[in-house]
Amino acid sequence: MRASQADVVLPGEPAPAPSYLAAMTIAVDDLAVARSIIENSGVALRETDEGFFVSARDAYGAGLFFVSA
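Numbers given for residues are sequential positions, taken from 1 along each chain in its written order. Where local features are concerned, this predicted model is filtered to residues with pLDDT of at least 70; where side-chain atom pairs are given and counted, the filter is 80 or more; whole-chain, interface and lining totals use all residues. Side-chain descriptors were evaluated using all non-hydrogen atoms of the structure, hydrogens and water having been removed beforehand.

Considering the overall build of the chain
What counts here: Numbering of helices and strands runs from the N terminus, with a helix taken as a DSSP run of H or I at least four residues long and a strand as a DSSP run of E at least two residues long. Residue burial is assigned from relative accessible area. The probe radius is 1.4 Å, only protein chains are included, and a residue is buried under 20% of its type maximum, exposed over 50%, and partly exposed in between. Contacts were defined at the residue level, with two residues in contact if any of their heavy atoms lie within 4.5 Å. The Shrake-Rupley method, run with a 1.4 Å probe sphere, supplies the accessible areas, and residue values consider only the shown protein chains as cover.
In terms of helices and strands, the chain carries three helices and four strands. Starting at the N terminus, the α and β elements of the chain follow one another as α-β-α-β-β-α-β. Out of the 69 residues belonging to the chain, those deemed buried represent 25%. For the chain, the proportion of contacts with a sequence separation of at least 24, taken over those separated by at least 6, is 48%. In the structure as shown, the chain presents an accessible area of about 5,100 Å², 56% of it carried by carbon and sulfur atoms.

What about the environment of Ile38?
In this structure, Ile38 sits in helix 2 (residues 31–40). For the pair Ile38 and Val54, spaced 16 residues apart in the sequence, the C-alpha separation amounts to 8.6 Å. In contact with Ile38, not counting residues within four places along its chain, are Val43, Leu45, Phe52, Val54 and Phe66.

Here's the deal with the sheet that holds strand 4 (residues 63–68)
Strands belonging to one sheet form pairs held by backbone hydrogen bonds; the direction of such a pair is parallel or antiparallel. Our working rule: The criterion for strand pairing is that DSSP finds at least two bridges linking the strands in question. Angles shown run from 0 to 180 degrees and are taken between the N-to-C directions of axes, each axis being a line fitted to C-alpha atoms and, for helices, limited to the stretch in contact.
Pairing is mixed across the open sheet formed by four strands, whose spatial order is 1-4-3-2. Each having just a single partner strand, strand 1 (23–28) and strand 2 (46–47) make up the two edges of the open sheet. Bridge analysis of strand 3 (residues 51–54) against strand 4 gives four bridges, and the strand direction is antiparallel. Bridged to Phe52 within strand 4 is Phe66. This element, helix 2, spans strand 1, strand 2, strand 3 and strand 4 of the sheet and lies at about 30 degrees to strand 3.

Details of the environment of Leu64
Structurally, the position occupied by Leu64 is in strand 4. Classification of Leu64 as buried rests on a relative accessible area of 18%. Sequence separation between Leu64 and Ile26 is 38 residues; the distance between their C-alpha atoms is 6.9 Å. Among residues more than four places away in sequence, those in contact with Leu64 are Met24, Ile26, Phe52, Phe53, Val54 and Ala59.

Some words on the pairing of strand 4
Here strand 1 runs beside strand 4; their pairing, made up of six bridges, is parallel. Each bridged residue has a counterpart across the sheet, and for Ala27 the counterpart in strand 4 is Val67.

In structure tokens form, the structure reads like this:
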């Protein structure tokens, strides 16, 4: 399934209450742009040594680590 199809499958799915132990690392070309998009959407993030992190609760699944590509 493509990421662009996810919005067709996920509406109505409940957000997980606790964070899971699973996580995904997403390499982006421009961390500042990615950070701005996340912050402007109202999602909390935490700075890390290599980029930033979005909790599983806010990402509706696994935690997301954003790093430079």
